[in-house]
Amino acid sequence: MAYVIVKNEQRQADERRVAETFGTNMSSAEKRELVEHIAARSREAYAELKHMEDR
């Protein structure tokens with residue numbers, strides 16, 4: 001069974017920005033996964049900082 005992740009526009013934009021920043025072309029599954037992971041952790045860190053700032 002294969003799982004499919006449906007990405008919204010913001011998530012796709014984040015991944016494109018990360019790929020451009022690191023200069024990767026996302027040609028392999030490994031590179032795509034790395035970009036997805038970096039973008040996700042960056043979103044989490046940003047959300048945590050915003051949460052701390054709002055306190």
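This text follows the structure it describes.
Predicted model, so just to flag it, every value in this text is computed and none were measured.

Asks: Can you walk me through the pattern of salt bridges in this structure?
Replies: Counting across every chain of the model gives 5 salt bridges. Linking Asp-14 and Arg-17 is a salt bridge whose minimum nitrogen-to-oxygen distance equals 3.4 Å. Placement of both Asp-14 and Arg-17 in helix α1 (residues 9–22) is noted, with a separation of 3 residues, approximately one turn of the helix. According to the relative accessible area criterion, Asp-14 is buried, its value standing at 7%. Among the salt bridges present, the one from Glu-44 reaches Arg-41, with a minimum N-O distance of 2.8 Å. Here Glu-44 and its partner Arg-41 are both found in helix α2 (residues 29–54), 3 residues apart, which amounts to about one turn of the helix. Among the charged side chains, a salt-bridge network with shared partners connects Asp-14, Arg-17 and Arg-43.

Asks: What's the story with α2 in this structure? I'm lost.
Replies: For an α-helix the count is 3.6 residues per turn, leaving residues at separations of three or four pointing the same way. Here α2 is 26 residues long and its end C-alpha atoms lie 37 Å apart, about the 38 Å a rise of 1.5 Å per residue gives. The inward-facing, buried residues of α2 abut α1.

Asks: Could you clarify how one ought to interpret α1 in this entry?
Replies: With 14 residues, α1 extends 20 Å from end C-alpha to end C-alpha; this agrees with the ideal 20 Å at 1.5 Å per step. Of the residues making up α1, those classed as buried are Asp-14, Glu-15, Val-18 and Ala-19. In an axial view of α1, the angular spread of the buried residues amounts to 135°, which keeps them on one side of the axis. Among the exposed residues of α1, those pointing more than 90 degrees away from its buried face are Glu-9, Gln-10, Glu-20 and Thr-21. Sitting at the head of α1, Asn-8 places a side-chain oxygen 3.3 Å from the backbone nitrogen of Gln-10.

Each value, and the rule that gives it
- Residues numbered from 1 in each chain as written.
- Predicted model: local features only at pLDDT ≥ 70, side-chain atom pairs only at ≥ 80, totals over all residues.
- Heavy atoms only, no water.
- Salt bridge = Lys/Arg side-chain N within 4 Å of Asp/Glu carboxyl O.
- Helix = DSSP H or I, 4+ residues; strand = E, 2+ residues; numbered from the N terminus.
- Buried < 20%, exposed > 50% of the residue type's maximum accessible area, 1.4 Å probe, protein only.
- Expected span 1.5 Å × (residues − 1).
- Contact = heavy atoms within 4.5 Å.
- Arc of directions from axis to C-beta.
- Polar contact = N/O pair within 3.5 Å; in protein donor to acceptor, adjacent residues only side chain to side chain.

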